[in-house]
Amino acid sequence: TRAFGLQFPNPVGLAAGLFALTTDLLVSTRLTRSFGHRRAATTQGHVIVVGLGSIGLRVVQDLLADGNRVVVVERDPDNPHLAQVRARGVPVVIGDATDAAVIADVNLGAAVAVAVLTSDDLVNIETGLAVRDQLGDRWREVPVVLQVFDRELGAAVHEGFGFRYVRSTE
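Calculation criteria
Residues numbered from 1 in each chain as written. Predicted model: local features only at pLDDT ≥ 70, side-chain atom pairs only at ≥ 80, totals over all residues. Heavy atoms only, no water. Salt bridge = Lys/Arg side-chain N within 4 Å of Asp/Glu carboxyl O. Buried < 20%, exposed > 50% of the residue type's maximum accessible area, 1.4 Å probe, protein only. Pairing = 2+ DSSP bridges. Helix = DSSP H or I, 4+ residues; strand = E, 2+ residues; numbered from the N terminus. Axes fitted to C-alpha atoms, helices over the stretch in contact; angles between N-to-C directions. 1 Å grid on protein atoms, 1.4 Å probe; cavity = no way out; pocket = protein on both sides within 12 Å on 5 of 7 lines; lining within 4 Å. Points joined across faces, edges and corners; volume = space filled by probe spheres on them. Nonpolar A, V, L, I, M, F, W, Y, C, P; charged D, E, K, R; others polar.

Caption draft 1: Representation of the pattern of salt bridges within the structure. What the rule picks out here adds up to 3 salt bridges. For the salt bridge of R138 with E141, the shortest nitrogen-to-oxygen distance reads 3.9 Å. The partly exposed category is assigned to R138, whose relative accessible area is 23%.

Caption draft 2: Region of the structure containing the sheet that holds strand β8 (residues 165-167). Spatially, 6 strands are ordered β5-β4-β3-β6-β7-β8 in an open sheet, and the strand pairing comes out parallel. Edge positions in the sheet fall to β5 (92-94) and β8, since each has one partner strand and no second. Ignoring which end each strand starts from, the neighbouring axes of this sheet average 15° apart. Two strands pair when backbone bridges link them, and strand β6 (residues 111-116) and strand β7 (residues 144-147) are joined in this way by 3 bridges, in the parallel orientation. By the bridge assignment for β7, V114 is matched with V144.

Caption draft 3: Geometry of empty space enclosed by the protein. According to the stated counting rule, one finds 1 cavity of 30 Å³ or more in the structure shown. One number sums up the size of the largest cavity: a volume of about 50 Å³. Elements that contribute at least two residues to the lining of the largest cavity include exactly β3 (46-50) and α4 (100-105). Each residue belonging to the lining of the largest cavity can be placed in one class, and the counts come to 10 nonpolar, no polar and no charged.

See the structure below:
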């Protein structure tokens, strides 16, 4: 339409274009997530990294530099580090690593190690226990590293729950 000699876009065309862009964004996001889940489920001989904060990102980078296969589990779909690890070809599963379905999605049965590196001690302990339960007989073979910020809590987890690799950043 015209007003004061200015040409304004057709509102129907503008709405259709906006709808198309939004749909494209949603579909591409879902495809990326689905592809990450599918790749993670078929990966073998890999290290599972739970939590993609600054420490998790550094661990992923170091593991990749050493030639390891890595799969990441991250709760936050808006984590700013996701694009960086995806660009390096790392499969990412968005979800809660204490959920048996998420653990199945990362093919825990074929993993060679697990590093639980979220920024929450209790989440790390809960995740470690869920991983231990899912590993079953492989519990003693597969190293499970837990990051626990409090040194005393780390010692208690080591002694009380039998985790061999509890690391404190303190």
